[in-house]
Every structure is written in C-alpha cells, then in structure tokens.
Amino acid sequence: MKTQPPAFADLALPAPLAEAIAARGYERATAVQAAVAGAEHAGRDLLVSSETGSGKTLAFGIALAEGLLAGHGHGHAEPRALVVTPTRELATQVQGELQWLFARTKVRLGVFTGGTDVRGDLARLRPGVDLVVGTPGRLVDLLKRRSLRLDAVRTVVLDEADEMLDMGFREDLETLLAARPAAADGTGCRTLMFSATLPEPILALAARYQRDAVRIDARARHAAGGAAGHQDITYVAHLVAMGEKLPALVNVLRRHRGVRAIVFGTTRDGVAELHQELVNRGFRAVVLSGDRAQSERTRALAALRAGEADLLVATNVAARGLDLPELDLVVHADLPLNAEALTHRSGRTGRAGRKGTSVLLATLAERRKAERLLGAARVAFTWTAAPSARDIARAAEDELSRELSEAARRSEAPEAGDARELAARLGADVGRDALLVALLERELARLPAGEPLAEVDLRARPTTAKAGPRPSRGDFSRGAALFEINLGKGQKAEPGWLLPLICRRGGVTRHEVGAIRVGPQSSQFEISGEAAADFALAAGQSDPRAPHVRIRRLDADVRGAHRPSGADVRSDGHGAWRPPARRPQPAPRKAGSRRPPRHR
C-alpha cells in the first residue's frame, strides 16, 4: 500500500521556513524532503541519492536551517553554511530556491561562480556572508586568497556530487572539505552529499569525509524487479544507418514538433556544428557549451524561457542544473559515456509530475554500447527505426487536417461572410474540388518535410531487450571469429591505431578484440565468439568518415590453435593487444611519406 507523503506542517520546521513554504503553496513534502527533514536524521551526515526534479534543493535548504539559525544575529562575519554545485546555472538555481526559503530570516546569501569578475566576489565577502553557494573552482580560488574562510561552517552540501567528480573536481572538493572545522569541539561540521547515482568514487569520498553517514535512497523504483528507471520518462531507442544521425535527429524533432527539447552532444565543436545544421533547417535552436561566455549562456536560457526558442543543443556539462521544468523531450544525438550520464541527461525531462521522453540514436556500430548503457541503467527499451520522411508527412497532414477542420467550423460565423463570397466565386470559376486541391497543395508545401533515411534491418537481432551490463572482458573460451581489414604495412598500419578503429567500426570494446596480425596490404584480427555476429553486422556498413576502409569476415570460428601469430602482435587471452618483447624497428620513413590518418 502506498503511503501518502507527510505534510510540511507535520515536520516541525523552524517558523520562518514553515511560513515561507506555506506562502509558496507547498502542502506535502516529497520523499527526499521528508527523509532529510526527519527528526531521526537531525545533525547526522547524509549520503542521499535522489532523481533530478525530486525537490532536493528544498530538502537540503531545510537541513541548512539548523546550523544557520542557531545563534543567528550575533554578528558572525564568516559563513556558517556552504553549498557546492557543479555549474554556474545550477548555482543560480539553488540561489533562487534558498532566497525565498530564508526570506523571512536575516540570513545573508552569496553566490560565487566562475565566469565572473573575482573582484565582485571579494567585495561581497567583506561585510560577511552567512550562506555561500558556488562552484568548486571559484570557491577554492577564494579560499586560497584567504577571502573565504570555512572555520565557522556548520553544514556543507555537495549538490550533484557524482557530476562534480565526473567533471574533474575531485581535488577541489577535497580542498574544500579539508578546510571544514574539525570535530574537536564535539560539534564539528555536518556534511550532506546529494547524488543521482552512487558510483564507487562517491562512496570513497563519503567514507573519507563523512562520519557515520546515513544513506537515504529517495529514487523512484518500479514495484516489480526494483528497476531504477524514472517513472515519468519513456525511453525510445532508434537504430539508424551509418552516417545518418543528423537526418534521423531532424525527423525525431519534426515528429515531436511543438515541444521543448534538449539535444545532447559530446563535444563543444560537435554541438556547435549540430546547432548550425538545425538552424539551417529552420529550427528555433540555441546552443550551450562550456566555452560560451556567461552572457551568451544567459541569453540562450532567456530565449528558451521566453518562447523565442524551443530547442537547446548542449554538452553534458553545459546542461547541468538548468531550470527548465517544462522540458518534454531529451535526444541523445551522441551516446552518453556511461549509465550515470544517461540518467543525468534523461532527468532533464519528466520533472515535477510531467511526462517526458528520452530518445537515443545509435548506429549499428553503436548498438551494443547503447544496450549496455540502457541495461546498466535498468531501463526496458525496444529498438525501432527512426521516423521516416513519410511518417513526418503523415503527421503533418494530420495536424493540417485538424487545423482546417477547426477553421471550417469557425467559418460559419457571420464575420466570415467575405471569405464565403470569395469561395463561392472561385468555386464557380474553377470548381470547388480543384480549388480545394490547389489550396491544400499550397499548405502542404509549407509544412516541414522529413529527411530520407536508409532502411535499417531490425530483424538481425531481437528488437526488444532488457539487457543487463555486459561483461568487462570478451569470452574467448568459446572460440573467436577471424576478420580482415584492408589496411596493412603498406599503409603504415600498426596495431596501436588499428585497435581503436576496429572498436569504433564494429561497436565493441578492446576486451572483445583478440590477436591482431598486420600483413603487407591487409591485417587480420580476432573478435570474441559472443560479439562476432554483432561485429560483422556493424562493421559491414560503410563509414562516411572512412569509406575506403573495408572489413570482412574470413571464417565462422577460430579456435585457439588456429589463432593468427607473428611478430606484429600477440594476444593476452582477453582481447587486449600487446607487442612482443623485441619489436622490430620500422625502416626510416621517406621524405614526404605520410602515415594514414588515425580514425576516432
């Protein structure tokens, strides 16, 4: 039986906070808010895992009150609470939430992030700040300048701690946590870590810097099987032909016409190029990446909120902590690096009780990686083809039919007399049917068209999967399949750069690649038996980035006794190549000769 969340009135909150929450119209706490505010957790270190949009900012705001309001008004010049966030946007969002929560107190709040003039931060710190919110780099900078002191801090909050570790802020976080007051006075400093996921690095950080922390898991779970997928997000996986990510993306956006969406890319250059391609096709899109100036980022978000744009193209880092509650669609144009990134990206939609859709686009070479990601995130999914140009046309025709039907009903009103007269006159001249067809052809020509897509064979493997994480190493105990690539010594090929090319082309990891033998004009290599069929399917597709590179399967199976051997490379039995002890030195390269480009 599902229990109803408690009312805020039953949580024994400090009067100023209870009044602010009531004035905001909030009546019942979310799961994470009720857990953090529970009396049994008062004063304890907490390690909290909760989904994006679960109300965690208000949750840790309530937890901050204990250290902020105790003894308030005694002229403290140094901060008594610290909130660390991964990005400027999230820091600004946290600032907005905490400002209204503590509006009925005398708590002084300051926000300190990169991308701004540090002199302004120094000026804000001089008169004293009670509650500091900021990004790791800027906070450490202020700490080293001795302008920010944490000796009096009673509570530290790490918001989206897993993301900060992924972004490389471990050293900065450790510097900030080491600057907290010691527990010699019997009170010490309370540390709260909030994270959408709890990977091993987060657990290690918690073990080092928290004391007897209480673990709180406030993530939504499926009633059966304990799956951790977000209940309000529908996951869709589209399989597309090699080189057709862009047209497939265009069709997905056309199919979801009229909704607010984020498209995720991996690199800043890729995101910038993708944004320009979408703008050229008529989409109202803005772009966010880590190299953008703060003024550009602010204008982009303002355009989204004002309805001047309905599509954001962004990298993972740039899109963290964005306050876009009405987002309906997330599209992964580039696959995320891991399951945690998939969770974070997808969590930008399905917020505050709204339904959302998360769409992954994967080529045949990326199919197995996508399955591993979705499986590790415990998400059930079905492989489907991306919307075709005909699908887009049908959807546009249906929308036009609805609009015209509504307009026809409105035309019965008296003010539509002029239009009826014109219709009657033209109908008498050319015929009503011919007139209707001409008008429809003109309207249909104005509708956005879909992009042509090559047909993808979804029958090659089961189209529905509930995959778990794949083994970290390929299984060579059941044999290996032998393949050939048309690059050899004549093309200056070496195992070191053939390996990543093989992995990318066939959608496998280095652990599923066995021995590699470089020949005069071609090279042979092994793929583990369990991965061979998928590899052959993916590697057989033409790659627009390297159309001259061809891979073919030589035989169905190679047992250990028949593995390729030679001076070029040996296998460690798990697919990782390693050179022999005495590798022959290459002949001096002739002037003007060039090595083949590395394929990434």
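What you are looking at is a predicted structure, and each value in this text was computed from that prediction instead of being measured.

Reading the values: the criteria
Along each chain, residues carry numbers from 1 onward, in the same order as the chain's sequence is written. Totals for whole chains, interfaces and linings use every residue, but because this is a predicted model, local features are given only for residues with pLDDT of at least 70 and side-chain atom pairs only at 80 or more, for both listing and counting. Heavy atoms throughout the structure, all of them, feed into the side-chain values; hydrogens and water do not. For helices the rule is a DSSP run of H or I covering at least 4 residues; for strands it is a run of E covering at least 2, with both sets numbered from the N terminus onward. Buried means the residue's accessible area, taken with a 1.4 Å probe over protein chains only, is under 20% of the maximum for its type, while exposed means over 50%, and partly exposed covers the values in between. Whether two residues are in contact is decided by their heavy atoms, any of which lying within 4.5 Å being enough. To be clear on the numbers: accessible area is Shrake-Rupley with a 1.4 Å probe, and residue cover counts the displayed protein chains and nothing else. DSSP calls a pair of strands paired once it identifies at least 2 bridges connecting them. An axis is simply a line fitted to the C-alpha atoms; with a helix, the fit covers only the stretch in contact. Between two such axes, the angle follows the N-to-C directions and lies from 0 to 180 degrees. Only buried residues count toward a nonpolar core. Its members are Ala, Val, Leu, Ile, Met, Phe, Trp, Tyr and Cys residues joined through side-chain atoms within 4.5 Å. To estimate how far a helix should reach, multiply one less than its number of residues by 1.5 Å. This arc is taken over the directions from the axis of the helix to the C-beta atoms. The angle between axes fitted to the seven residues ending at a residue and the seven residues starting there is what we call the bend at that residue. Pairing of aromatic side chains here covers Phe, Tyr and the six-membered ring of Trp, requires ring centres within 6.5 Å, and sorts the geometry by plane angle: under 30 degrees stacked, over 60 edge-to-face, intermediate tilted. By the criterion applied in these results, polar contacts are pairs of N or O atoms within 3.5 Å in which, for protein atoms, one can donate a hydrogen and the other can accept it, and in which residues neighboring in sequence qualify only through two side-chain atoms. Residues enter patches when they are more than 30% accessible in relative terms and free of salt bridges; like-charged ones are connected within 9 Å and nonpolar ones (Val, Leu, Ile, Met, Phe, Trp, Tyr) within 5 Å. One speaks of a salt bridge when a side-chain nitrogen belonging to Lys or Arg is within 4 Å of a carboxyl oxygen belonging to Asp or Glu.

**Some remarks on the overall build of the protein**
Right, on to step 1. What the protein contains, in helices and strands, is 19 helices and 21 strands.
Right, on to step 2. Taken over 600 residues, the protein has a buried fraction of 47%.
Right, on to step 3. Taking the intrachain contacts of the protein between residues at least 6 apart in sequence as the baseline, contacts between residues at least 24 apart amount to 76%.
Right, on to step 4. Taken as a whole, the protein presents about 29,200 Å² of accessible surface, with 50% of it coming from carbon and sulfur.

**Some points on the sheet that holds strand 17 (residues 513–518)**
Each strand in a sheet pairs with another by means of backbone hydrogen bonds, the pair being arranged parallel or else antiparallel.
Right, on to step 1. One open sheet holds the four strands; their spatial order is 17-18-16-19, and the pairing between them is antiparallel. Each end of this open sheet is capped by a strand with a single partner; those strands are strand 17 and strand 19 (551–553). Adjacent strand axes in the sheet meet at a mean angle of 25 degrees, parallel and antiparallel pairs treated alike.
Right, on to step 2. Those strands touched by helix 18 (residues 495–506) are strand 16 (480–485), strand 17, strand 18 (523–528) and strand 19, and its axis lies near 130 degrees from that of strand 17.
Right, on to step 3. Of the strands in this sheet, strand 16, strand 18 and strand 19 are in contact with helix 19 (residues 532–539), which crosses strand 19 at around 140 degrees.

**Focus: the nonpolar core**
Right, on to step 1. If you look at the biggest cluster of nonpolar residues, it comprises 41 residues, and the most contacted ones within it are Leu-64, Val-83, Leu-98, Phe-102 and Leu-131.
Right, on to step 2. Top contributing element to this core by residue count: helix 3 (residues 56–69), with eight residues.
Right, on to step 3. Ignoring any residue separated from it by four or fewer positions in sequence, one finds Val-83 in contact with Phe-60, Leu-64, Val-94, Leu-98, Leu-131, Val-132, Val-133, Gly-134, Leu-139 and Val-157.
Right, on to step 4. Within the second largest apolar cluster, 32 residues are counted, among which are Val-132, Val-153, Phe-169 and Met-193.

**Thoughts on the sheet that holds strand 4 (residues 131–134)**
Right, on to step 1. The parallel open sheet is built from seven strands, whose spatial order is 3-4-2-5-6-1-7. Every other strand in the sheet has two partners, leaving strand 3 (109–112) and strand 7 (214–217) as the edge strands with one partner each. Geometrically, the sheet is characterised by an average inter-axis angle of 15 degrees between neighbouring strands, direction not taken into account.
Right, on to step 2. Strand direction decides the pairing type here: strand 1 (residues 46–49) and strand 7, joined by four bridges, are parallel. Considered in strand 7, the bridge of Val-48 is made with Ile-216.
Right, on to step 3. Where helix 4 (residues 88–101) meets the sheet, its contacts fall on strand 2 (81–84), strand 3, strand 4 and strand 5 (155–159), and the angle it forms with strand 3 comes to roughly 175 degrees.

**Remarks on helix 11 (residues 268–280)**
Right, on to step 1. The end-to-end C-alpha distance of helix 11, which contains 13 residues, comes to 18 Å, matching closely the 18 Å that a straight helix rising 1.5 Å per residue would cover.
Right, on to step 2. For helix 11, the set of buried residues is Val-271, Leu-274, His-275 and Leu-278. The buried residues of helix 11 all sit within an arc of 105 degrees when viewed along its axis, so they share a single face. Of the residues in helix 11, the exposed ones pointing more than 90 degrees away from the buried face are Asp-269, Glu-273 and Asn-280.
Right, on to step 3. Contacts from the buried residues of helix 11 go to helix 10 (245–255), strand 9 (261–265), strand 10 (285–288) and strand 11 (311–315).

**Details of helix 3**
Right, on to step 1. In this model, helix 3 (14 residues) spans 20 Å end to end at C-alpha, consistent with the 20 Å of a helix rising 1.5 Å per residue.
Right, on to step 2. At Ala-63, helix 3 is deflected by roughly 30 degrees, the largest bend along its length.
Right, on to step 3. The buried fraction of helix 3 is high, at 12 of 14 residues.

**Regarding the pairing of strand 13 (residues 356–363)**
Right, on to step 1. The buried fraction of strand 13 is high, at eight of eight residues.
Right, on to step 2. Judged by which residues are buried, strand 13 turns out to be covered on both faces: Gly-356, Ser-358, Leu-360 and Ala-362 on one side and Thr-357, Val-359, Leu-361 and Thr-363 on the other are all buried.
Right, on to step 3. Note that strand 8 (residues 233–240) and strand 13 share eight bridges and pair parallel. For Leu-239, the partnering residue across the bridge sits in strand 13 and is Ala-362.
Right, on to step 4. For strand 12 (residues 329–332) and strand 13, the ladder comprises four bridges, and the chain directions are parallel.

**Quick word on unusual backbone geometry**
Right, on to step 1. A positive phi is found at Arg-146, a non-glycine position, where the angle reads about 65 degrees.
Right, on to step 2. Note on placement: Arg-146 falls in the loop between helix 6 (136–144) and strand 5.
Right, on to step 3. Residue classification places Arg-146 among the exposed residues on the basis of a relative accessible area of 68%.
Right, on to step 4. Even without a glycine there, the phi angle at Glu-160 is positive, about 55 degrees.
Right, on to step 5. Position of Glu-160 relative to the elements: it lies in the loop between strand 5 and helix 7 (161–166).
Right, on to step 6. Judged by its relative accessible area of 5%, Glu-160 falls in the buried class.

**With respect to the packing of aromatic side chains**
Right, on to step 1. On inspection of all chains with the given rule, the structure shows six aromatic pairs.
Right, on to step 2. Each ring, one from Tyr-26 and one from Trp-100, has its centre 5.8 Å from the other, and the planes form 70 degrees; the classification is edge-to-face. On the criterion of sequence distance, the pair formed by Tyr-26 in the loop between helix 1 (15–24) and helix 2 (31–37) and Trp-100 in helix 4 is long-range, its members being 74 residues apart.
Right, on to step 3. When its relative accessible area of 36% is taken as the criterion, Tyr-26 is described as partly exposed.

**A look at the side chain of Ser-346**
Right, on to step 1. Residue placement: Ser-346 occurs in helix 13 (residues 339–346).
Right, on to step 2. Polar contacts involving the side chain of Ser-346 include one to the side chain of His-332, which spans 3.5 Å.
Right, on to step 3. Within the local environment of Ser-346, its side chain forms a polar contact with the backbone oxygen of Leu-342, the two atoms lying 2.9 Å apart.

**Concerning a nonpolar patch on the surface**
Right, on to step 1. There is a patch of nonpolar side chains on the surface, built from Leu-404, Leu-436, Leu-440 and Leu-444 and spanning about 310 Å² of accessible area.
Right, on to step 2. Among the elements that make up the nonpolar patch, the one with the highest residue count is helix 17 (residues 432–446) (three residues).
Right, on to step 3. Leu-404 gets classed as partly exposed once you look at its relative accessible area, which sits at 38%.

**Quick look at the pattern of salt bridges**
Right, on to step 1. Inspection of the entire model under this criterion finds 21 salt bridges.
Right, on to step 2. Where Arg-104 meets Glu-19, a salt bridge forms, and the shortest distance between an N and an O atom there is 3.7 Å. Highlighted residues: Arg-104 in the loop between helix 4 and strand 3 and Glu-19 in helix 1, separated in sequence by 85 residues.
Right, on to step 3. On the basis of relative accessible area, Arg-104 is assigned to the partly exposed category, the value being 45%.
Right, on to step 4. Glu-19 gets classed as partly exposed once you look at its relative accessible area, which sits at 45%.

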